[in-house]
Amino acid sequence: MSYDFADTRLAGVAAAIAEPARVRMLCCLMDGHARTSTELAVVAEISPSTASVHLARLKEQQLVTVLAQGKHRYYTLGGVEVAAALEALMQVAGLSRPAFVPTTPDRLRHARSCYDHMAGTVGVALFDHMDRQGWLLTLPEPQDGYQLSADGVVAMEQLGLDLAPVRKARRRFACACLDWSERRPHLGGALGAALLALLMRKRWVEHDLDSRALSITGAGRRGLNRNFAYEA
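Undergrad: For the sheet that holds strand 2 (residues 64–69), give the residues involved together with the corresponding values.
TA: As summarised here, the arrangement of the 3 strands in space is 1-3-2, forming an open sheet in which the pairing is antiparallel. Edge positions in the sheet fall to strand 1 (35–36) and strand 2, since each of these pairs with one other strand and no more.

Undergrad: Which residues make up the packing of helix 2 (residues 20–28) against helix 4 (residues 48–60), and what are the values?
TA: Angle between the axes and distance between the axes are the two parameters that describe a pair of packed helices. Close contact between helix 2 and helix 4 brings their axes to 10 Å; oriented N to C, the two are set at 70 degrees. Judged by the angle between their axes, helix 2 and helix 4 are roughly perpendicular. Contacts between helix 2 and helix 4 involve Ala21, Arg22, Met25 and Leu26 from the former and Ala51, His54, Leu55, Arg57 and Leu58 from the latter. Residue classes in the contact of helix 2 with helix 4 are distributed as 6 nonpolar, 1 polar and 2 charged.

Undergrad: Which residues make up the packing of helix 2 against helix 3 (residues 37–44), and what are the values?
TA: With their axes 8 Å apart at the nearest point, helix 2 and helix 3 run at an angle of 120 degrees to one another. On the basis of the axis angle, helix 2 is oblique to helix 3. Regarding helix 2 and helix 3, the two cross each other, and that crossing is right-handed. Only Leu40, Val43 and Ala44 of helix 3 make contact with helix 2, whose side of the interface consists of Ala21, Arg24, Met25 and Cys28. Considering only residue class, the contact of helix 2 with helix 3 consists of 6 nonpolar, no polar and 1 charged.

Undergrad: Residue-level account of the state of the cysteines, with values.
TA: Enumeration according to the criterion identifies 0 disulfides in this entry. In this model cysteine 114 remains outside any disulfide bridge; the closest cysteine sulfur is found in cysteine 177, 4.0 Å from its own.

Undergrad: Which residues make up the pairing of strand 3 (residues 72–77), and what values go with them?
TA: Where strand 1 and strand 3 come together, 2 bridges link them in antiparallel fashion. Considered in strand 3, the bridge of arginine 35 is made with tyrosine 75. Across 6 bridges, strand 2 lies against strand 3 in antiparallel orientation. When the bridges of strand 3 are listed, valine 66 appears paired with tyrosine 75. The turn linking strand 2 back onto strand 3 is made up of 2 residues, and glycine 70 within it adopts a positive phi angle of 65 degrees.

Undergrad: Give a description of the pairing of strand 9 (residues 185–188) that names residues and reports values.
TA: By the bridge criterion, 4 bridges tie strand 8 (residues 175–178) to strand 9 in an arrangement that is antiparallel. Note that in strand 9 the partner of cysteine 177 across the bridge is histidine 186. Adjacent in sequence and paired antiparallel, strand 8 and strand 9 are bridged by 6 residues, among which arginine 183 carries a positive phi angle near 55 degrees.

Undergrad: Can you break down the side chain of glutamate 182 residue by residue, with the values?
TA: Along the polypeptide, glutamate 182 turns up in the loop between strand 8 and strand 9. Within the local environment of glutamate 182, its side chain forms a polar contact with the side chain of threonine 121, the two groups lying 3.5 Å apart.

So, how was this worked out
- Residues numbered from 1 in each chain as written.
- Predicted model: local features only at pLDDT ≥ 70, side-chain atom pairs only at ≥ 80, totals over all residues.
- Heavy atoms only, no water.
- Pairing = 2+ DSSP bridges.
- Helix = DSSP H or I, 4+ residues; strand = E, 2+ residues; numbered from the N terminus.
- Axes fitted to C-alpha atoms, helices over the stretch in contact; angles between N-to-C directions.
- Parallel < 35°, antiparallel > 145°, perpendicular 65-115°, else oblique.
- Contact = heavy atoms within 4.5 Å.
- Nonpolar A, V, L, I, M, F, W, Y, C, P; charged D, E, K, R; others polar.
- Left-handed = near helix turned anticlockwise from the far one by under 90°.
- Disulfide = S-S within 2.5 Å.
- Polar contact = N/O pair within 3.5 Å; in protein donor to acceptor, adjacent residues only side chain to side chain.

So, in structure tokens, the structure goes:
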């Protein structure tokens, strides 16, 4: 990279950050949770149309990324480098990270079904553990989603999951599904569906009769702790 190009890029990034409304958006996203443009407009105290213009500027400078899920578009920080740079600037400015405050009812926020896979705090925790353990390998572009590592295969088989029919399913094997209450990913795709079905067969998880909420049984708490280091 030439110095002239580096100077131009740095000036572009600095100019994108140097606007109060955009700063409020970026600081809001520092907690790792995704948000819609409407939510960021409220945070920045601007109109939705103005927020869209600001977000386009931030996206152009790779400070944010956007994920389309259904009819919604969710924005997150552009990566750990962006977070680190903002963290340093916030320290210089004497600021602290704002806290994410979810508004989802507690029963649904804790654990629920998202179509045929698990969502909520528990679903996100299971995905995080699988990712930390290296069980999920990101597929190369232009593919989208994950495959299991060798350790991931062993872990799923030890749990009792038959992977053969999961691999034959006519859908993505595994993917990150953005959780609408946590605004962080849980496990979707055929693997996510098979995992929830297995947990229900084991009676580790039970469906509430009148909602999508899921209850973690006593056996489930012990099993999830043993296999996913999850403490209810």
